[in-house]
Amino acid sequence: MSAVRTVLGDVPPERLGVCNAHDHVFFASPRLPGQELAGVRAARAELTAFREQGGGAVVQWTPYGLGRRAADLPALSRETGVHLVAATGLHQDVHYDEGTLAALRGRLAEVFVTELTRGIGTSGVRAGLVKVAGGFHSLDAHARWTMAAAAEAHHATGAPVAVHLELGTGALDVLDLLCGELGVPPQRVILGHLNRSPDLVVHRQAAESGCYLAFDGPSRAHHATDWRMPDAVRALAEAGHGDQVLLGGDTTTAAARSVDGGPGMPYLLRRVAPRLARAVGEDLVRRFLTRNPARAFAVHWR
């Protein structure tokens, strides 16, 4: 049977409830000094605020080496009643020092598989997906290395592969590599940040492969894309791809948390979902938040 691998163990997909399909409970990068998501108390408050809006699950896309705090996730899940899914994987090279990357050469896929099947470090918490990243309209050598390792980990375990698209670009190149060259089934691939590049043609082409398309987080850089997202989602639904849309919050800095004055996790259910409902109807939005993530993150684990 398929199951979603949460930080408290494998659960039936239907147990997730309303799912924030891309967010961060903890996150720390040298590119965002002083804005780390590191405090357990703030994480608990944010998850509680999400739960109070009707949320049931959060998929944390924080990968290897960026402050996942995996050992703290089980207690947070129990205390807040929110299912949490942790990630393995590797972000763009700019988020790491050379020593960290050098230590992973020749064993990256092994690290991913270990974290998916045995646990992250000594925490005992198993990851439920692999997160990797592309570049701006391109795939450099680092992206190709990490995606090859992600594909290997998928073939060994069945885990889904979630991809950070830089400013929403490069979707078709990612699919050509992951699905074309590396043999990952499209329905096991989740493309993130498509709201940041509301190119309806590219969205349609990507959706035709069978992958999942994540619209995750309000703009943090005045991209003027937020108001276009409902049209992009409606276009996908009208083309018959409503079962492939996922929604998320992608909170990556302390200032963006709701408990620190930003939109945070609750914004997804408080503002984004009602706005989308005006464009595509409440039933379809509920599918985006429940049935779709239940299928996207459910795995026949190997």
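Conventions we followed
- Residues numbered from 1 in each chain as written.
- Predicted model: local features only at pLDDT ≥ 70, side-chain atom pairs only at ≥ 80, totals over all residues.
- Heavy atoms only, no water.
- Buried < 20%, exposed > 50% of the residue type's maximum accessible area, 1.4 Å probe, protein only.
- Helix = DSSP H or I, 4+ residues; strand = E, 2+ residues; numbered from the N terminus.
- Pairing = 2+ DSSP bridges.
- Axes fitted to C-alpha atoms, helices over the stretch in contact; angles between N-to-C directions.
- Core = buried A, V, L, I, M, F, W, Y, C linked by side-chain atoms within 4.5 Å.
- Contact = heavy atoms within 4.5 Å.
- Parallel < 35°, antiparallel > 145°, perpendicular 65-115°, else oblique.
- Left-handed = near helix turned anticlockwise from the far one by under 90°.
- Salt bridge = Lys/Arg side-chain N within 4 Å of Asp/Glu carboxyl O.
- Arc of directions from axis to C-beta.
- Disulfide = S-S within 2.5 Å.
- Patch = residues over 30% accessible without salt bridge, like charges linked within 9 Å, V, L, I, M, F, W, Y side chains within 5 Å.
- Areas by Shrake-Rupley, 256 points an atom, 1.4 Å probe, with all protein chains shown as cover.
- Lys, Arg positive; Asp, Glu negative; His and termini not counted.
- Charge placed at Lys NZ, Arg CZ, Asp CG, Glu CD.

**Student:** Can you lay out the pairing of strand β11 (residues 245-248) for me, pointing to particular residues and giving the numbers?
**Tutor:** Along β11, one buried face is formed by Val245 and Leu247 and the opposite face, lined by Leu246 and Gly248, is buried too. Judged from the four bridges that link them, strand β10 (residues 212-216) and β11 form a sheet pairing that is parallel. Paired with Phe215 across the bridge in β11 is Leu247.

**Student:** Outline the sheet that holds strand β9 (residues 189-192), supporting the account with residue identities and numerical values.
**Tutor:** Here six strands make up an open sheet; going across it, the order is β6-β7-β8-β9-β10-β11 and the pairing parallel. Two strands close off the open sheet at either side, each with one partner strand: β6 (87-89) and β11. Each neighbouring strand pair of the sheet contributes to a mean axis angle of 30°, computed without reference to strand direction. Bridge analysis of strand β7 (residues 129-133) against strand β8 (residues 161-164) gives four bridges, and the strand direction is parallel. In the strand pairing of β8, Val132 is matched with Val163.

**Student:** Now, about the nonpolar core: what can you tell me, with residues and values included?
**Tutor:** With 79 residues, the main nonpolar core has Val25, Val163, Leu191 and Phe215 as its most contacted residues. With residues near it in sequence (within four places) discarded, Leu191 still touches Val163, Leu165, Ala171, Val174, Leu175, Ala206, Cys211, Tyr212, Leu213 and Ala214.

**Student:** Residues and numbers for the sheet that holds strand β3 (residues 19-23), please.
**Tutor:** Pairing in this open sheet of three strands is parallel, and the strands run β3-β4-β5 from one edge to the other. Edge positions in the sheet fall to β3 and β5 (83-85), since each has one partner strand and no second. The average undirected angle you get between the axes of adjacent strands in this sheet is 15°. Pairing of β3 with strand β4 (residues 57-60) involves three bridges; the strand directions are parallel. Pairing of Asn20 across the sheet is with Val58, part of β4.

**Student:** Residues and numbers for the packing of helix α9 (residues 266-280) against helix α10 (residues 282-289), please.
**Tutor:** Contact geometry of α9 with α10 gives a least axis separation of 7 Å together with a crossing angle of 135°. Classified by the angle between their axes, α9 and α10 sit oblique to one another. Crossing handedness for the pair α9 and α10: right-handed. Listed contacts from α10 to Leu268, Leu269, Ala273, Leu276, Ala277 and Val280 of α9 are Glu282, Leu284, Val285, Phe288 and Leu289.

**Student:** Break down the pattern of salt bridges for me, citing the residues and quoting the values.
**Tutor:** Per the stated rule, a full pass over the model turns up 10 salt bridges. A single salt-bridge network, built from bridges that share partners, covers Arg5, Asp10 and Arg126.

**Student:** Hey, could you go over helix α8 (residues 229-238) for me, with residue numbers and the actual values?
**Tutor:** Here α8 has its buried residues at Met229, Pro230, Ala232, Val233 and Leu236. Taken around the axis of α8, the buried residues stretch over an arc of 165°, which confines them to a single face. Those residues of α8 hidden inside the fold are in contact with α7 (200-209), β10, β11, α9 and α10. A positive phi of about 90° marks Gly240, the residue just after α8.

**Student:** Kindly report on the environment of Ala38, identifying the contributing residues and their values.
**Tutor:** By the element assignment, Ala38 lies in the loop between β3 and α1 (40-52). A relative accessible area of 33% places Ala38 in the partly exposed class. When residues no more than four places from it in sequence are discounted, the contact partners of Ala38 are Phe26, Arg69 and Arg257.

**Student:** An account of the state of the cysteines is requested, with residue identities and associated values reported.
**Tutor:** Applying the stated criterion across every chain, the model contains zero disulfides. Looking at Cys19, it has no disulfide partner, and the nearest cysteine sulfur is the one in Cys211, 17 Å off. Of the cysteine sulfurs around Cys179, a residue in no disulfide, the closest is that of Cys211, at 7.1 Å.

**Student:** Give a detailed account of a negative patch on the surface, specifying residues and quantitative values.
**Tutor:** A contiguous patch of negative charge on the surface is contributed by Asp93, Asp97, Glu98 and Asp140. By secondary structure assignment, the location of Asp93 is in the loop between β6 and α3 (98-104). Look at Asp93 and you get partly exposed, because its relative accessible area is 31%.

**Student:** Can you tell me about the side chain of Thr146, naming the residues and giving the values?
**Tutor:** With respect to the secondary-structure elements, Thr146 resides in helix α5 (residues 141-157). Excluding residues that lie within four positions of it along the chain, Thr146 makes contacts with Leu90, Leu108, Phe112 and Val132.

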